[in-house]
Amino acid sequence: MKKNVMISKHDLDWTHIFSKEAEIIENKLKSSVFFIDHVGSTSVENLPGKPIVDILISVQDWSFSAEIANSLKELNYHIGEVCEDTPRFFLTKYLTDNSIGFHVHICEPDRKWAQDMLAFKDELSANKKMAENYVNLKYTLATIHHNDIDAYSRGKKDFIENTLLCSATKFSVNRLLTHQTAELDKADKLRIWMMSVQ
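Small disclaimer: the values here were computed from a predicted structure and weren't measured.

Peer 1: Would you take a moment to explain the overall build of the chain for this structure?
Peer 2: Helix and strand content of the chain: seven helices and five strands. Moving toward the C terminus, one meets the helices and strands of the chain in the order α-β-β-α-β-β-β-α-α-α-α-α. In the chain, buried positions account for 50% of the 198 residues. In the chain, once contacts between residues fewer than 6 apart in sequence are set aside, the share between residues at least 24 apart is 66%. Accessible surface, the chain: about 10,200 Å² in total, of which carbon and sulfur atoms supply 50%.

Peer 1: Teacher, can you tell me more about the side chain of Thr42 here?
Peer 2: Assignment of secondary structure puts Thr42 in the loop between β1 (35–39) and β2 (52–58). Residue class for Thr42 comes out buried when judged on its relative accessible area of 0%. There is a polar contact of 2.8 Å between the side chain of Thr42 and the side chain of His38. Excluding residues that lie within four positions of it along the chain, Thr42 makes contacts with His10, Trp14, Lys50, Ile52, Val53 and Asp54.

Peer 1: Is there a simple way to think about the state of the cysteines in this case?
Peer 2: Throughout this description, disulfide means a covalent bond between two cysteine sulfur atoms. All chains considered together, the criterion is met by zero disulfides. No disulfide involves Cys83; its sulfur sits 9.0 Å from that of Cys107, the nearest cysteine. Looking at Cys83, the relative accessible area reads 9%, which means it is buried.

Peer 1: What should I look at first to understand the sheet that holds β2 in this one?
Peer 2: Each strand in a sheet pairs with another by means of backbone hydrogen bonds, the pair being arranged parallel or else antiparallel. Taken in spatial order, the five strands make up an open sheet running β1-β2-β5-β4-β3, and their pairing is mixed. Of all strands in the sheet, those bounded by a partner on one side alone are β1 and β3 (78–83). Taken over all neighbouring pairs, the strand axes of this sheet differ in orientation by 20° on average, direction set aside. Both β2 and strand β5 (residues 101–107) contribute to a ladder of seven bridges, which runs parallel. Each bridged residue has a counterpart across the sheet, and for Ile52 the counterpart in β5 is Gly101. Along the sheet, helix α1 (residues 13–28) makes contact with β1, β2, β4 (88–94) and β5, crossing β1 at roughly 155°.

Peer 1: Just checking my understanding: could you explain the nonpolar core for this structure?
Peer 2: Looking at soluble globular proteins, one finds that nonpolar side chains tend to be buried together. Counting residues in each nonpolar core, the largest one holds 23 residues, and the members touching the most others are Ile25, Ile55, Ile57, Leu72, Tyr77, Val104 and Ile106. For this core, the secondary structure elements donating two or more residues are α1, β2, α2 (65–73), β4 and β5. A per-element tally of this core places α1 first, with four residues. Leave out the neighbours within four places in its chain, and Ile55 touches Phe18, Glu21, Ile25, Ile36, Asp37, Val39, Tyr77, Phe102, His103, Val104 and His105.

Peer 1: Hey, could you run me through α1 in this one?
Peer 2: Since the α-helix packs 3.6 residues into each turn, any two residues three or four apart lie on the same face. Under the 1.5 Å per step criterion, the end-to-end length of α1 is 23 Å for 16 residues, consistent within 8% with the ideal 22 Å. Trp14, Phe18, Glu21, Ala22 and Ile25 are the residues of α1 that are buried. Looking straight down α1, one finds its buried side chains confined to an arc of 105°; they lie on one side. Exposed side chains of α1 directed beyond 90 degrees from the buried face belong to His16, Lys20 and Asn27. For α1, the elements touching its buried residues are β1, β2, α2, β4 and β5.

Peer 1: Help me understand the packing of aromatic side chains in this model?
Peer 2: Applying the stated criterion to the full structure yields three aromatic pairs. Taking the centre distance of 6.0 Å and the plane angle of 40° together, the rings of Trp62 and Phe89 count as tilted. Residue Trp62 is located in the loop between β2 and α2, and its partner Phe89 is located in strand β4; the two are separated by 27 residues in the primary sequence. The same class applies to Trp62 and to Phe89, which are both buried. Consider the rings of Tyr134 and Phe159, whose centres lie 5.0 Å apart with planes at 20°: the pair is stacked. Note that Tyr134 is positioned in helix α4 (residues 128–144) and Phe159 in helix α5 (residues 149–165), a separation of 25 residues in sequence. The exposure classification of Tyr134 matches that of Phe159, with both residues buried.

Rules behind the numbers
- Residues numbered from 1 in each chain as written.
- Predicted model: local features only at pLDDT ≥ 70, side-chain atom pairs only at ≥ 80, totals over all residues.
- Heavy atoms only, no water.
- Helix = DSSP H or I, 4+ residues; strand = E, 2+ residues; numbered from the N terminus.
- Buried < 20%, exposed > 50% of the residue type's maximum accessible area, 1.4 Å probe, protein only.
- Contact = heavy atoms within 4.5 Å.
- Areas by Shrake-Rupley, 256 points an atom, 1.4 Å probe, with all protein chains shown as cover.
- Polar contact = N/O pair within 3.5 Å; in protein donor to acceptor, adjacent residues only side chain to side chain.
- Disulfide = S-S within 2.5 Å.
- Pairing = 2+ DSSP bridges.
- Axes fitted to C-alpha atoms, helices over the stretch in contact; angles between N-to-C directions.
- Core = buried A, V, L, I, M, F, W, Y, C linked by side-chain atoms within 4.5 Å.
- Expected span 1.5 Å × (residues − 1).
- Arc of directions from axis to C-beta.
- Phe/Tyr/Trp six-rings, centres within 6.5 Å; stacked < 30°, edge-to-face > 60°.

What follows is the structure in structure tokens.
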């Protein structure tokens with residue numbers, strides 16, 4: 001994973017780059033059943049972000065997940081993490097230090113990890129004020145922690161958690177109250193952490 005933090009103005013090419021990479025992945029995995037979504041900052045219109053395209057691959061039959069991850073290795077992806085309890089695969093591909101990069105998240109569609117990435121994207125797309133606050137936070141953190149991606153990610157953690165808590169379409173009232181008062185378990189902490197890296 002790249003350790004320096006560089007925030008770029010939103011590039012209209014990010015959507016095209018995602019579509020092109022998604023097509024390459026689809027052609028590679030044509031024998032599998034899955035869905036591909038563009039998530040992360042590059043997926044939200046007019047939102048600045050790191051030049052890394054986040055791709056969510058939702059796999060209904062998890063027995064095919066390892067096969068899918070290994071197939072992506074043939075497209076120059078590197079398996080960065082395998083989480084058995086979530087469950088989830090995380091893969092990365094960086095062409096050069098200065099070019100666009102790709103992060104792939106392989107998840108089950110009904111799991112919290114996948115749902116939260118989509119919910120966070122929807123909230124930022126629908127709420128311009130929230131998106132503006134998020135951008136300001138990212139620029140501030142990138143200035144302070146230019147060479148420390150871990151500190152940058154920790155700084156975004158609370159914002160992401162609060163945004164997800166406000167996403168009524170993804171959480172019931174009872175879930176919200178419980179989530180606000182209970183400490184995040186290990187899987188939730190990892191999920192929020194990886195979202196904050198986007």
